[in-house]
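# Commentary on secondary and tertiary structure
Each chain is listed here by its residues.
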Amino acid sequence: MARALLLCLGFFLFHWIPFCYSDPGRSCPKVNTSLLNFEPEFVMLQHQLRGVFEVIDNCSFRVSQFDMLPGSDVHWWGAVADDFDNLTSGFVISDMQLNRTYKNESFVVNLMSNVTWDKIRVVAVWDKPTASDFGHVLRDLGNGSESPAPSPSPGVGLGNSSVWVSMQPTMFENCKSLTENYRVRWTLNVEEGVIDIGLEAVAGSLNYMAFGWANASSGNNPMIGSDVTVTGIKDDGMPFADDFHITQYSECTTDKDGKVEGVCPDSMFEGSNINDSVNNTRLVYGHRKDGALFIRYQRPLKAGDKKYDLPVNHTDNMTVIWAMGLIKPPDSISHYYLPQNHGGKYGHLMLNVSQHVNDCLGPLDAEDKEDQDRVIADRNTPLIVSSGPALHYPDPPNPSRVIYINKKEAPVLRVERGVPVKFSIQAGHDVALYITSDPLGGNATLRNTSETIYAGGAEAEGVQASPTDLVWAPDRNTPDEVYYQSVFMPKMGWKVQVVDGGLSDMYNNSVLLDDQQVTLFWTLSKNLISFAARGEKKSGYLAIGFGSGMVNSFAYVGWIDDDGRGQVGTYWIDGKDASRIHRTHENLTYGRCKSENGIITLEFTRPLNPSCNGDEGPECKNTIDPKTVLKVVWAMGARWTESHLSERNMHSVTSSRPIRVHLMRGSAEAEEDLRPVLAVHGFMMFLAWGILLPGGILAARYLKHVKGDGWFQLHVYLQYSGLAIVLIGFLFAVAELQGLHFESLHVKFGMIAIALACIQPLNAYVRPKKPANGEEVSSQRLLWEYIHMIIGRSAIVVGIAALITGMKHLGDRYGDENVHGLNWALIAWCLIGALTVVYLEYRERMRRRDRLFGGSNWVLGNSDEDEDTDLLSPSRQIVRKESASSGRMEVQLEPLSR
């Protein structure tokens, strides 16, 4: 008996002492009355922490209704302020550790002997290895009043009307489990005539949660005529709660007559000009943390809108309905977040909101707790590292500015062993990137801890105008999880997942498409091409199209059907509405689609030339020439179906412009408006090849009859001016395009024309001496004139060809609508130039004819004119012979004139 009594006493002491923390040698005077009688809620930041805080005395505090998922080394933590620097430099305030799961528990916590309330403004639950704040309450020292905390509202800040402040209300008086992973919480306030409702579920970021009251007259169809609230998280991370009315078991649609049917917001039934007076739901707070979605809203018990809302009788058993499923973001057709088919996750039950219910035991525990975006590094595709404001940083507390990768705030970065990762660092000179084993970064040696640095350092910093490239090649010895951080400031980055193999190993080429939201992979073979596309944001389906836009393009769509199987479909799109999307039957092989944490990846292989007998369908025209540029666009949306497409399947986000993909070169460039530098390049080349250089040739050809050497000076000035402008325009183009690529016919013609133009000054420098009057023209001089003339005229011909191919290249790059008028202007200019040459050639021939047969013109003689005569003119020898004979006649006649 005594042994059993001792065992019982030992068991009692072992389990009770850790939660009492009594210190008989310590006196605990009564606490300042300003700290009593307040029970603020903990701010939930991580690990689904919630609970109520209460100060007991100067030595202890009580925590009740406490929920929390476990951490690694979690303690009660104190700090003098709630900013980043003070929280991270805080201190442990109790010997109690919190390293397990807590499920609606209550206990008393004693402070350490050297800790008093005057040193503490913030009481937090703190994970020491990761410097993570799971949740906290804040004591306001600026006002000693004992007034209750203000009513919570969306986005409320830290007020100063109470001693302890909570800005994220997650606690309720009641909780009912609808399913294993879906709960409804509520607090009834009869005096004010409102009810606060909280919906909580383990759900994806593209999911909605709906809850409401059924119409008593609906009978066996409780959803018809019901009044529900649809809640969720928007694309920008902000919560929403909208008042809906249900008229049919269908998604919300609007027919041609403007009639609205289905599961639609109340305001849609009243038309686009109605205000929010029919929406009696007020959003209070919402978040998505640790893979769980939570939305709190408030609605009145009495229905202000008799047409679409139902009153809630708080004393009666009433039928409530609930559902959960995918949600469709707003688009050009609808400006609301609209729920899609619930996929079997729905139900109804009888509920009396005045009766106390609490069957929710513990926090919701999601399998995938990563809520932030994910970026997957690919071979030869640089990751753009920048910095920006901390909006949804995954591991608070954090500095005000954090690292962004590819425009995503502190995403999880996934890399592959053996695949080099290239970072383009442009986050500022005060953000130096490095890959480290330390989860905090910020140079761990300054915190007297050790770390392994895998890449980067203090020199890995840059700005957008002058970025710094950093290449890191994770190998087989790299741990499965490391961190990208800044050397100068801790907790600016986040996790790096190191995995084996992936798409970048399976495909030879990859590029980021427009807006860095989709990555395209491909591998070319003799007659086939294999494609893969991966979205960089969560969606219900992913589509890529080959064409200048979604209209008149061939699209490949990947989605997950209702049975969880991946599907890949091919379509021809010839319009902007769903009826213009036509299913095709291309010969695709190895088609597959998967969704990982909402990220869609599709793959397929297709022939370069479709095997069609005649014109069997639009897919027969869908050929791919690897030597030409392939224009690629993309789109994402909430839901796709294999048949019966409608407006609800239209995309919610799409590329803003096509990307020109060079399949053989393995690169891509954006199709965009004409760049100013390239416009200057085109104008300079037209000025040179269309005006100055041809003008110099015309001066040499048709102005030699003018007395003096004016034609020669004009020829030289125009040629040298044109050549200088050609070289400057060439340098502009090379600098703007960051290199010289010879795949384009325009570039080939242009380089030949520039080479010919550069030969002319060298040719002029070595020209033989001009013959004196009466001397025979040397063969070297005659050969030089032939070469000079042929090269000059060839340069003009090739230069004009470069202008024409440049216009074609411009049309291929920027679209026909931008260059159509320029093409006609160039054609008109060429025609004017050709007619001008014909006219001048006619005048020149008439002038030479008059000089040969006009009598006195050549008898009188003119040595200057003779010197300026074209050596290659067919009349040159005739003029020379006739001049010689006339000279003898003048000698014979001279005595007669005396």
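Preceding block: the structure.
Read on for an overview of the structure. In this numbering scheme, every chain counts its residues from 1 along its sequence in written order. Reporting in this predicted model follows two pLDDT cut-offs: at least 70 for local features of residues, and 80 or more for side-chain atom pairs to be given and counted; totals over whole chains, interfaces and linings ignore these cut-offs and use all residues. The side-chain figures draw on all heavy atoms in the structure; neither hydrogens nor water molecules are used.

### Description of the packing of aromatic side chains
Operational definition: Classification of ring pairs rests on two measures: the distance between centres of Phe, Tyr or Trp rings, Trp counted by its six-membered ring, which must be within 6.5 Å, and the angle between planes, read as stacked under 30 degrees, edge-to-face over 60 and tilted in between. Where helices and strands are cited, they refer to DSSP runs of H or I of at least four residues and of E of at least two residues respectively, numbered from the N terminus. Whether a residue is buried, partly exposed or exposed follows from its accessible area with a 1.4 Å probe, protein chains only, as a fraction of its type maximum: under 20%, in between, or over 50%, in that order. Only lysine NZ and arginine CZ atoms are considered, and such an atom sits over a ring when it is within 6 Å of the ring centre and within 35 degrees of the ring normal.
According to the stated counting rule, one finds 30 aromatic pairs in the structure shown. Ring centres of Phe531 and Phe604 lie 5.7 Å apart, and the angle between their planes is 40 degrees; this geometry places the pair in the tilted category. Within this pair, whereas Phe531 is found in strand β37 (residues 528-535), its partner Phe604 is found in strand β43 (residues 599-607), the two being separated by 73 residues in sequence. Among the residues examined, Phe531 registers a relative accessible area of 0% and is labelled buried. Here Tyr571 and Trp640 contribute two aromatic rings whose centre-to-centre distance is 5.5 Å and whose plane-to-plane angle is 75 degrees, an arrangement assigned as edge-to-face. Separated by 69 residues along the polypeptide, Tyr571 in strand β40 (residues 566-573) and Trp640 in the loop between β44 (629-637) and β45 (653-654) bring together distant segments of the chain. Note on accessibility: Tyr571 and Trp640 belong to one class, buried. Through a chain of ring-to-ring contacts, three or more aromatic side chains come together here, namely Phe42, Phe53, Phe61, Phe66, Trp76, Tyr102, Phe107 and Trp117. Above the ring of Tyr102, the side-chain terminus of Arg100 is found at 4.0 Å from the ring centroid.

### Considerations on the state of the cysteines
Where we set the bar: Defined by distance alone, a disulfide is two cysteine sulfur atoms within 2.5 Å.
Counted by the stated rule, this structure contains 2 disulfides. With a sulfur-sulfur separation of 1.9 Å, Cys175 is cross-linked through a disulfide to Cys360. Where Cys175 bonds to Cys360 through sulfur, the torsion about that S-S bond is close to -85 degrees, and the disulfide is left-handed. Residue Cys175 is found in strand β10 (residues 174-179), and its partner Cys360 is found in the loop between β23 (346-351) and β24 (374-376); the two are separated by 185 residues along the sequence. Both residues of the pair, Cys175 and Cys360, count as buried. Covalent S-S linkage joins Cys252 and Cys264, the inter-sulfur distance amounting to 2.0 Å. In this structure, the disulfide formed by Cys252 and Cys264 twists by about 110 degrees around the S-S bond and is classed as right-handed. One end of the pair, Cys252, is in the loop between β15 (239-246) and β16 (253-254); the other, Cys264, is in strand β18 (residues 263-265), and 12 residues separate them in sequence. Classification of Cys264 by relative accessible area gives buried; the value is 0%.

### A look at the pairing of strand β38 (residues 541-546)
Formally: Paired strands, as defined in this entry, are two strands with at least two bridges between them according to DSSP.
The element β38 is extensively covered by neighbouring structure, given that 6 of its 6 residues are classed as buried. What you see with β38 is no split at all: Tyr541, Ala543 and Gly545 on one side and Leu542, Ile544 and Phe546 on the other are buried throughout. Hairpin connection of β38 to strand β39 (residues 553-560): 6 residues between the antiparallel strands, including Asn552 at a positive phi of 60 degrees. Pairing analysis gives 6 bridges linking β38 to β44, with the strands arranged antiparallel. Each bridged residue has a counterpart across the sheet, and for Ile544 the counterpart in β44 is Trp634.

### Some thoughts on the sheet that holds strand β2 (residues 50-57)
The criterion, for reference: Here an axis means a line fitted to C-alpha atoms, over the contact stretch when the element is a helix, while the angle between two N-to-C directions is reported on a 0 to 180 degree scale.
Across the sheet, 3 strands lie side by side as β2-β3-β6; this open sheet has antiparallel pairing. A strand with exactly one partner marks an edge of an open sheet, and here the two such strands are β2 and β6 (102-110). Each neighbouring strand pair of the sheet contributes to a mean axis angle of 10 degrees, computed without reference to strand direction.

### Points about the nonpolar core
Stated formally: Working definition of a nonpolar core: buried Ala, Val, Leu, Ile, Met, Phe, Trp, Tyr and Cys residues. They are joined through side-chain atoms within 4.5 Å.
With 30 residues, the main nonpolar core has Leu413, Phe423, Trp472 and Tyr484 as its most contacted residues. Breaking this core down by element, the ones donating at least two residues are β25 (383-389), β26 (401-405), β28 (412-416), β29 (421-425), β30 (433-436), β32 (468-472), β33 (481-486) and β34 (494-499). Broken down by element, this core gets its largest block of residues, 4 residues, from β26.

### Considerations on helix α5 (residues 676-702)
To keep things clear, this is the line we draw: Here a helix's expected span is defined as the number of its residues, less one, multiplied by 1.5 Å. Here the bend at a residue means the angle between the axes of two seven-residue stretches, the one that ends at it and the one that starts at it.
Helix length check: α5 (27 residues) gives 37 Å between terminal C-alpha atoms against 39 Å at 1.5 Å per residue, within 8%. Most pronounced at Ala688, the bend in α5 amounts to some 30 degrees.

### Here's the deal with the pairing of β39
With respect to burial, β39 is a largely interior element, 7 of its 8 residues being buried. Two elements, β38 and β39, share 6 bridges in a ladder whose sense is antiparallel. By the bridge assignment, Ala543 is partnered in β39 with Val557. Both β39 and β40 contribute to a ladder of 8 bridges, which runs antiparallel. Paired with Ile560 across the bridge in β40 is Gly566. Two successive antiparallel strands, β39 and β40, enclose a turn made up of 5 residues, where Gly564 displays a positive phi of approximately 85 degrees.

### Description of the pattern of salt bridges
A side chain of one charge can pair with a side chain of the opposite charge if their charged atoms are brought near each other. Note the threshold: Think of a salt bridge as a Lys or Arg side-chain nitrogen and an Asp or Glu carboxyl oxygen that are within 4 Å of each other.
This model, assessed by the stated rule, comprises 29 salt bridges. One salt bridge connects Arg417 with Asp480, and the closest N-O pair in it is separated by 2.6 Å. Placement of the pair is Arg417 in the loop between β28 and β29 and Asp480 in the loop between β32 and β33, with a sequence separation of 63 residues. Here the residues in one salt-bridge network are Arg50, Arg185 and Glu200, joined through shared partners.

### Remarks on a nonpolar patch on the surface
Basically, it comes down to this: Residues forming no salt bridge and having over 30% relative accessible area are the ones grouped into patches, like charges within 9 Å of each other and nonpolar side chains (Val, Leu, Ile, Met, Phe, Trp, Tyr) within 5 Å. In these tables, accessible area is a Shrake-Rupley quantity obtained with a 1.4 Å probe, and a residue counts as shielded only by the protein chains included in the view.
Residues Val677, Val680, Ile728 and Phe732 make up a contiguous nonpolar surface patch of about 280 Å² in total accessible area. Secondary-structure elements contributing two or more residues to the nonpolar patch are α5 and α6 (710-737). With respect to the secondary-structure elements, Phe732 resides in helix α6.

Everything listed here is a matter of coordinates, which is why it stays silent on function.
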